[in-house]
Structures are given as structure tokens and as C-alpha cells.
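Below are the chains, spelled out letter by letter.
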Amino acid sequence: MPAANAPRAPRRSRAARTAPPLGSLTQAAHRETAACSHCGSERVTQLSMNLTDGTPVQFVSCHVCEERSWLSAAGPLTVDGILERTRKH
């Protein structure tokens, strides 16, 4: 067991990541030009995320019709597809 006053090993720094620009519903200058695939409204929240299996997706939620969609590089994903990819095996 190490001594109570022993110096700690330095932590390894994490690689700096460039954050994607954040959009805004309240500030028009900061909104991205995303639109709902169901009703066409531009009042959406869009998030970039990685699913449990590592698949990068864009989640889009509409504030008008409440449609929610997930888009991957291969195209739209169904709710069942999302659930399968996020299930821990």
C-alpha cells in the first residue's frame, strides 16, 4: 500500500476534441438549417451522438409535430434498429 503522502502519478491528458457548433432555437443566428423530415418545420433540436455499438447518428426532434428520427451515414434508422444497436450484449 502506498504511503499517504506519496506523490500521485500524473494523469494522462485526453486528446483535445473540436466540439461541433451548437444550434439554438432562440437565437436565429445560431440555428442550423435542419428541418423535420415529417412536417418540414425548422423548429427542431438536432444532436450528434454515438450509439452503444459505436454507430454515429444525428438525432432530430421536432417541436411542432413531435416527430423523432435518427440518421446514420447509411440512412434513417427505425426505432427497433436504434433499440437493437443500443442493447448491451
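As a reminder, the structure under discussion sits directly above these lines.
Now for a quick tour of the structure. (Residues numbered from 1 in each chain as written. Predicted model: local features only at pLDDT ≥ 70, side-chain atom pairs only at ≥ 80, totals over all residues. Heavy atoms only, no water.)

Once that is clear, we can look at unusual backbone geometry. Residue Glu66 is not a glycine yet carries a positive backbone phi of 65 degrees. Note that Glu66 resides in the loop between β2 (56-62) and β3 (68-72). On the basis of relative accessible area, Glu66 is assigned to the exposed category, the value being 56%. (Helix = DSSP H or I, 4+ residues; strand = E, 2+ residues; numbered from the N terminus. Buried < 20%, exposed > 50% of the residue type's maximum accessible area, 1.4 Å probe, protein only.)

Pairing geometry for β2 and β3, over four bridges, is antiparallel. Bridge pairing in β3 places Phe59 opposite Trp70. Once β2 ends, the chain turns through five residues before running back antiparallel as β3, passing Glu66 with a positive phi of about 65 degrees. Note: β3 against strand β4 (residues 75-77), three bridges, orientation antiparallel. Considered in β4, the bridge of Ser72 is made with Gly75. Hairpin connection of β3 to β4: two residues between the antiparallel strands. (Pairing = 2+ DSSP bridges.)

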